[in-house]
Amino acid sequence: MSTRLVERAAPINPPEVQALIARAVRGEESALHSLGMRVMPRVRNAVRYLVRGDEIDDIVQDVLVTVFERLASYSGEGRFEAWVDGVALRVTLGRMRKLRALQRRTEPLAVDAISEPGAGLGPRYATSRQLVRALDHLADHQRMPLVMHHVFGWTVPEIAAELAAPLETVRTRMRDGMIKLRMQLEVYVGDDRREERR
Amino acid sequence: MIMDRRFEREAKSVFVPLGDEPGPATPLTEAEKNALVQAAVRRARPRRSASPSRPRRALWQTAAAVTLALTALGAAAAAVRTFFSPAPAVEIAPRVHAPEVTTTSREPASRESAVPEPAVAPEATAAVEVGGDAERSIAPAASSASRERVRARDLLREANGLRAKGYYARAERVYASVARSATEAGDVEAATIAAAELRLEQLNDPSGALASYRDTLARRPAGILAEEARYGLARCHRALGNADAERAALKAFLARHPNSVLAIEATGRLRALEVE
């Protein structure tokens with residue numbers, strides 16, 4: 001996998017993470033567990049950016065299993081979290097390809113019916129939830145490159161290579177996706193204002 | 001280009017960077033987090049501790065695939081039940097009077113692959129309008145097909161349960177019976193692959209597994225589980241000690257599925273074979 005923007009700019013791992021990785025590679029289950037607990041919130045956030053619907057935690061578990069199994073292949077050159085992000089993205093894309101193949105012969109995924117239990121979790125939570133609600137309205141071929149670029153830090157050529165699509169096609173999808181995303185976010189802002197006036 | 005820069009600036013203000021803080025995923029309790037991580041550690045354990053001389057592949061991928069197939073089957077069965085409901089008027093009314101419910105809850109990506117509405121509505125309407133004749137002519141065949149699918153789904157669930165409890169031989173027999181009797185190609189494929197996995201991983205029957213993987217690829221070379229089947233061929237050849245066939249199977253797998261999650265593992269194994 002090629003170097004990602006986030007990796008290039010990232011500092012090295014904290015010593016405790018490095019020690020945990022070393023113990024986990026030796027097969028210590030307590031270290032695997034600690035590493036899993038450490039990266040899991042980030043993995044869940046990453047997967048939620050990519051996927052609508054209610055099977056996030058199935059995919060998250062697949063990501064963690066893949067991380068544990070591939071740990072020995074982590075070179076230590078970039079931040080561990082960035083490496084995990086890459087695994088999360090690959091596993092999620094693989095899973096979605098299969099899911100799309102299944103949906104072609106059955107029915108589509110329902111858009112995540114979001115109930116918002118997030119009171120007290122801060123403005124970042126509210127903003128990111130509103131963003132994924134808007135992303136849920138995008139077609140996958142627009143959502144994927146937008147998230148890969150703006151959340152995971154991949155360059156457009158890297159995305160084009162990963163998705164096996166021409167560069168210009170990816171750019172067009174990102175532009176169209178961004179227009180639709182902005183429209184959707186404006187709808188939410190309008191809703192909020194109407195709500196405030198009441 | 002100017003437009004791209006504008007979008008780039010706009011996106012920076014919209015997207016929230018990836019982090020450990022809550023959002024966009026809804027937060028879990030500590031107990032839920034613990035359970036999820038423990039399950040992942042358990043699933044990773046057999047694969048990590050596998051002997052390098054014999055190919056061991058955790059069953060979770062097959063289980064996930066079979067679960068996906070079951071989910072799809074469940075959805076298909078539900079669609080069929082809706083389609084051939086004995087009281088279609090109840091089903092039709094909301095569609096006719098409130099189509100916006102469908103379009104707002106299922107946006108473009110969904111709409112592309114949605115169960116085609118026009119095919120459903122006219123037939124169902126006709127059944128109502130002709131006073132039940134059309135309905136009677138459709139219903140028996142449809143409910144029979146529906147029953148077959150539900151039965152296949154139940155059997156797959158039963159087999160999954162047996163496998164989870166460690167009754168591998170019994171699970172394999174149930175999977176094999178679904179593979180023989182199911183009417184949906186997807187169910188046949190899922191059951192055949194699941195049986196093959198058990199033969200290879202648990203029942204020390206790589207030859208039987210090899211035959212099943214080959215059978216799957218012969219029936220559906222571009223099926224949803226073709227990736228598993230192609231990788232399964234390589235694993236069977238490895239178990240049988242046939243290095244040349246394994247090498248060829250790995251090359252074929254990588255050529256066909258370069259972006260697979262298993263590609264790293266396949267490449268590593270191929271390198272090891274080149275060194276040997």
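A closer look at the overall build of chain B
- When helices and strands are counted, chain B shows 14 helices and zero strands.
- In chain B, the succession of α and β elements from N to C terminus is α-α-α-α-α-α-α-α-α-α-α-α-α-α.
- Across the 276 residues that make up chain B, the buried fraction comes to 46%.
- The long-range fraction of contacts in chain B, counting pairs at least 24 apart against all pairs at least 6 apart in sequence, stands at 55%.
- Summing over all exposed atoms, chain B offers an accessible surface of approximately 13800 Å²; the carbon and sulfur share of this is 57%.

Looking at unusual backbone geometry
- Located in the positive-phi region is A:A164, a residue other than glycine, with phi close to 55°.
- Positive phi, normally seen in glycine, also occurs at B:N204, with a value near 50°.
- Position of B:N204 relative to the elements: it lies in the loop between α10 (185–201) and α11 (206–219).
- According to the relative accessible area criterion, B:N204 is exposed, its value standing at 61%.

Points about helix α2 (residues 15–25) of chain A
All names here are of chain A.
- Every buried residue of α2 is listed here: V17, L20, I21 and A24. On an axial view of α2, the arc spanned by its buried residues comes to 100°, and they lie on one face.
- One or two steps after α2, the chain reaches G27, where phi turns positive at roughly 100°.

Topic: the pattern of salt bridges
- Taken as a whole, this structure holds 22 salt bridges over all chains when the rule is applied.
- Measuring nitrogen to oxygen at the nearest pair gives 2.7 Å for the salt bridge that ties A:D62 to B:R43. With A:D62 in helix α4 (residues 56–70) and B:R43 in helix α2 (residues 30–48), this pair bridges two chains. Pair check on accessibility: A:D62 and B:R43 agree, each one buried.
- The structure contains a network of salt bridges with shared partners spanning A:R23, A:R26 and A:E28.

Some remarks on the confidence of the model for chain B
All names here are of chain B.
- Chain-level statistics for chain B give a pLDDT mean of 67 and a share of 58% at 70 or above.
- When pLDDT is averaged over each helix and strand of chain B, the minimum, 28, is found for helix α5 (residues 99–105) and the maximum, 93, for helix α13 (residues 243–256).
- Ignoring residues within four places in sequence, the model shows residues 49–58, a span with pLDDT below 50, making 24 contacts including any to other chains.
- Of the regions scoring below 50 in pLDDT, residues 73–140 engages in 69 contacts with residues more than four places distant in sequence or in other chains.

Some details on the packing of α10(B) against helix α12 (residues 226–239) of chain B
All names here are of chain B.
- At a minimum axis separation of 11 Å, α10 and α12 run at an interaxial angle of 20°. The angle between the axes of α10 and α12 places the two elements in the roughly parallel class. Crossing geometry of α10 relative to α12 is assigned as left-handed. Facing E189, I193, E197, L200 and E201 of α10, the residues of α12 in contact are A226, E228, A229, R235, C236 and A239.

Observations regarding the packing of aromatic side chains
Residue and element names in this part refer to chain A.
- If you walk through the whole model with that rule in mind, you get four aromatic pairs over all chains.
- Here Y74 and W83 contribute two aromatic rings whose centre-to-centre distance is 5.4 Å and whose plane-to-plane angle is 45°, an arrangement assigned as tilted. Like W83, Y74 is buried.
- Judged by centre distance (5.9 Å) and plane angle (25°), the rings of F80 and W83 are stacked.

Some details on the nonpolar core
- Ranked by size, the top nonpolar core spans 66 residues in total, and within it A:F80 and A:L181 carry the most contacts.
- The dominant element in this core, judged by the number of residues it contributes, is helix α3 (residues 29–50) of chain A, at eleven residues.
- Residues within four places of A:F80 in sequence aside, it is in contact with A:N13, A:V17, A:I21, A:L35, A:V39, A:V67, A:L71 and A:Y74.
- With 25 residues, the next largest nonpolar core counts B:A190, B:I193, B:L200 and B:L262 among its residues.

What about the environment of A:D136?
All names here are of chain A.
- As for its placement among the helices and strands, D136 is situated in the loop between α6 (123–135) and α7 (140–150).
- Spatially, the C-alpha atom of D136 lies 8.9 Å from that of L50, the residues being 86 residues apart in sequence.
- Here R143 takes part through its side chain, which lies 2.8 Å from a polar atom of the side chain of D136.

Rules of the game
- Residues numbered from 1 in each chain as written.
- Chains lettered and ligands numbered in written order.
- Predicted model: local features only at pLDDT ≥ 70, side-chain atom pairs only at ≥ 80, totals over all residues.
- Heavy atoms only, no water.
- Helix = DSSP H or I, 4+ residues; strand = E, 2+ residues; numbered from the N terminus.
- Buried < 20%, exposed > 50% of the residue type's maximum accessible area, 1.4 Å probe, protein only.
- Contact = heavy atoms within 4.5 Å.
- Areas by Shrake-Rupley, 256 points an atom, 1.4 Å probe, with all protein chains shown as cover.
- Arc of directions from axis to C-beta.
- Salt bridge = Lys/Arg side-chain N within 4 Å of Asp/Glu carboxyl O.
- pLDDT = per-residue confidence, 0-100.
- Axes fitted to C-alpha atoms, helices over the stretch in contact; angles between N-to-C directions.
- Parallel < 35°, antiparallel > 145°, perpendicular 65-115°, else oblique.
- Left-handed = near helix turned anticlockwise from the far one by under 90°.
- Phe/Tyr/Trp six-rings, centres within 6.5 Å; stacked < 30°, edge-to-face > 60°.
- Core = buried A, V, L, I, M, F, W, Y, C linked by side-chain atoms within 4.5 Å.
- Polar contact = N/O pair within 3.5 Å; in protein donor to acceptor, adjacent residues only side chain to side chain.

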